[in-house]
Amino acid sequence: MSLAVDLRFVSEHLVDTPALRHAGMSERDVRRALRAGTLTRLRPGWYVRAPFWDDAQPEVRHLAAILVAHRAAHSAPVFSHLSAAAVHGFPAWSAWLHSPRTTSPAPSPRMAHTTVMPGQLATSSDSLMRHRSHLDGADVVSLAPFRCTGPERTVTDLARTEPFEVALSSADAHLRAIARVGRNVDRAALHAWQDGVHQRADRLRTRAGSRAVRAIAALAHPLADSPLESVSRLRFQQLGIDVTLQVPVAARGRGSHFLDFVLDGLGFWGEADGRAKYLQPALRDGRSVEQVVYEEKRRTDWIAGSTGLRLIRWGVAEASSLARFTTHLRAHGVPLPSGPSGRWGHTVRGFLRDLP
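Asks: Any chance you could explain unusual backbone geometry here in plain terms?
Replies: Most of the time, phi is negative for any residue but glycine, and the peptide bond is trans. Residues Ala-144 and Pro-145 are joined by a peptide bond in cis, for which omega reads 5°. Residue placement: Pro-145 occurs in the loop between β7 (140-143) and β8 (146-149). Backbone geometry at His-81 places phi at a positive 50°, although glycine is not the residue there. Locating His-81 in the fold gives a position in helix α6 (residues 81-88). The backbone phi angle of Arg-205 is positive, close to 50°, even though this residue is not glycine. Topologically, Arg-205 is positioned in the loop between α10 (187-204) and α11 (210-219).

Asks: Help me understand the packing of aromatic side chains in this model?
Replies: Ring pairs (aromatic) are described by centroid distance and by the angle formed between their planes. Evaluation of the coordinates by the stated rule reveals 8 aromatic pairs. Judged by centre distance (4.9 Å) and plane angle (65°), the rings of Phe-164 and Phe-351 are edge-to-face. Highlighted residues: Phe-164 in helix α9 (residues 164-178) and Phe-351 in helix α18 (residues 346-354), separated in sequence by 187 residues. Residue classification places Phe-164 among the buried positions, given a relative accessible area of 2%. Of the residues examined, Phe-351 reaches a relative accessible area of 10% and is grouped as buried. Judged by centre distance (5.7 Å) and plane angle (40°), the ring pair of Phe-261 and Trp-314 falls under tilted. Of this pair, Phe-261 sits in strand β12 (residues 256-263) while Trp-314 sits in strand β14 (residues 310-314); the two residues are 53 residues apart in sequence, bridging distant segments of the chain. For the pair Phe-261 and Trp-314, a shared accessibility class is recorded, and that class is buried. Feature note: the residues Phe-236, Phe-261, Trp-314 and Phe-325 constitute an aromatic cluster, connected by ring pairs.

Asks: I tried to follow the nonpolar core on my own but got confused; where do I start?
Replies: Soluble globular proteins: nonpolar side chains tend toward being buried together. In terms of nonpolar packing, the biggest core is built from 81 residues, with Leu-14, Phe-164, Ile-216, Phe-236 and Leu-263 touching the most fellow members. Apart from the residues lying within four places of it in its own chain, the contact partners of Leu-14 are Leu-42, Trp-46, Tyr-47, Val-48, Ala-64, Leu-67, Val-68 and Arg-71.

Asks: Explain the environment of His-257 to me, please; I cannot follow it from the model alone.
Replies: For His-257, the position within the fold is in strand β12. You can call His-257 buried: its relative accessible area is 18%.

Asks: Would you mind going over the sheet that holds β14 with me for this structure?
Replies: Two strands in a sheet stick together by hydrogen bonds in their backbones, pointing the same way (parallel) or opposite ways (antiparallel). Within the open sheet, the 4 strands sit side by side as β11-β12-β13-β14. Their pairing is mixed. Every interior strand has two partners, whereas the edge strands, β11 (243-250) and β14, have only one. For this sheet the average axis-to-axis angle between neighbouring strands, irrespective of direction, equals 45°. Taken together, the 3 bridges between β12 and strand β13 (residues 268-272) define a ladder with antiparallel strand orientation. Each residue of the ladder has a partner; that of Phe-261, found in β13, is Gly-270. Strand contacts of helix α12 (residues 227-239): β11, β12, β13 and β14, with the helix running at about 35° to β12, the strand carrying the most contacts.

Asks: I keep staring at α18 and nothing clicks. Help me out?
Replies: For α18, every residue scored as buried is listed here: Val-348, Gly-350, Phe-351 and Leu-352. Where the residues of α18 are buried, they touch α9, α11 and α12.

Asks: For this particular structure, what's the right way to read the sheet that holds strand β1 (residues 14-16)?
Replies: Strand order in the open sheet formed by 3 strands is β1-β3-β2, and the pairing between neighbours is antiparallel. Of all strands in the sheet, those with a lone pairing partner are β1 and β2 (39-43), marking the two edges. Strand-to-strand, the axes of this sheet are offset by a mean angle of 40°, without reference to chain direction. One ladder, built from 4 bridges, connects β2 with strand β3 (residues 46-49); its direction is antiparallel. Looking at β3, one finds that Thr-40 is bridged to Val-48. Packing against the sheet, helix α5 (residues 58-72) makes contact with β1, β2 and β3, and its axis sits at approximately 50° to β2.

Asks: Help me out: how do you make sense of the pairing of β7 in this one?
Replies: The side chains of a regular strand alternate, first on one face of the sheet and then on the other. Both β7 and β8 contribute to a ladder of 4 bridges, which runs antiparallel. Its bridge partner being in β8, Val-141 is matched across the sheet by Cys-148. Counting the residues that bridge the hairpin from β7 to β8 gives 2 residues.

Asks: Before we go on, may I ask you to explain the pattern of salt bridges in this structure?
Replies: Note on pairing: side chains with opposite charge can pair once their charged atoms come close. Summed over all chains, the structure comprises 19 salt bridges. One salt bridge connects Arg-200 with Asp-139, and the closest N-O pair in it is separated by 2.9 Å. Of this pair, Arg-200 sits in helix α10 while Asp-139 sits in the loop between β6 (128-132) and β7, and the two are 61 residues apart along the sequence. When its relative accessible area of 11% is taken as the criterion, Arg-200 is described as buried. In this structure, a network of salt bridges that share partners links the residues Asp-139, Glu-152, Arg-153, Asp-157 and Arg-200.

Rules used in this analysis
- Residues numbered from 1 in each chain as written.
- Predicted model: local features only at pLDDT ≥ 70, side-chain atom pairs only at ≥ 80, totals over all residues.
- Heavy atoms only, no water.
- Helix = DSSP H or I, 4+ residues; strand = E, 2+ residues; numbered from the N terminus.
- Phe/Tyr/Trp six-rings, centres within 6.5 Å; stacked < 30°, edge-to-face > 60°.
- Buried < 20%, exposed > 50% of the residue type's maximum accessible area, 1.4 Å probe, protein only.
- Core = buried A, V, L, I, M, F, W, Y, C linked by side-chain atoms within 4.5 Å.
- Contact = heavy atoms within 4.5 Å.
- Pairing = 2+ DSSP bridges.
- Axes fitted to C-alpha atoms, helices over the stretch in contact; angles between N-to-C directions.
- Salt bridge = Lys/Arg side-chain N within 4 Å of Asp/Glu carboxyl O.

In structure tokens form, the structure reads like this:
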């Protein structure tokens, strides 16, 4: 769905104190509803009803928090970090992307994030996090009704403050939109984006997170189709295994099959296989689970027979940590190098080596 459609849907489920009073609810009634869980408070004076909140995905819940923060502000704030990611439609709210390297809880969808200039009021609350940082004019864009950090600045902020998996998946999503044409890469657009992010890393120099920003510029790629593919590619990069993405293989009859990964020179190809491919009706296109499984088996048998490559499948459970991914590849007989290659320079190599 587009941002406008999402916001219309979210707006229908927001309710403020005057509306509750108009519906005959006293303050005591509101407190009782909050205790019972039939209302959820987003910030003082603003609520959503339980059916919406219980069923909504985290990014849609967060859009509700952003919309409330926007309506409550005296002047239009600049949403940033995870809030800007939600506005741009980046996959920054998947719970598993936040889990690999932290024992802290996943970010709260009730907490809106904004950035204010140095010298401005920067106090935060339980519903609003204000980050203090300089914003150039090019850093801020308008996506009605919001002002937020632009895609490049947002990815930079995510690289500095969130697990690297979140930032990389978001960068890949943005590059899919600006530097991908079908199964091909618009090299000019990709290089222009990389140059911009490298310049941001140069300006950050030795500040916290600068290595992560430089790694994003080097490692992000427009041919990843999903966060699972983004993180899987990261695991290969951490291990020092070179992979080629979206490799075409002639299908039986007409057309081509496209392989998620070919492990260069190792005789394997890989599929990042999430559960949604088999279980979500929208992705099955009217087919039963059994039919999807059968067709997938026929496809993989054809690819194995026509290429001589051995197949490795994995999902979120295996890709969510380097240790699990390493164990999975070893179980399939994949030879593992000693660590990340130096193809992206010593800074990025050291960054990859230091990632758990």
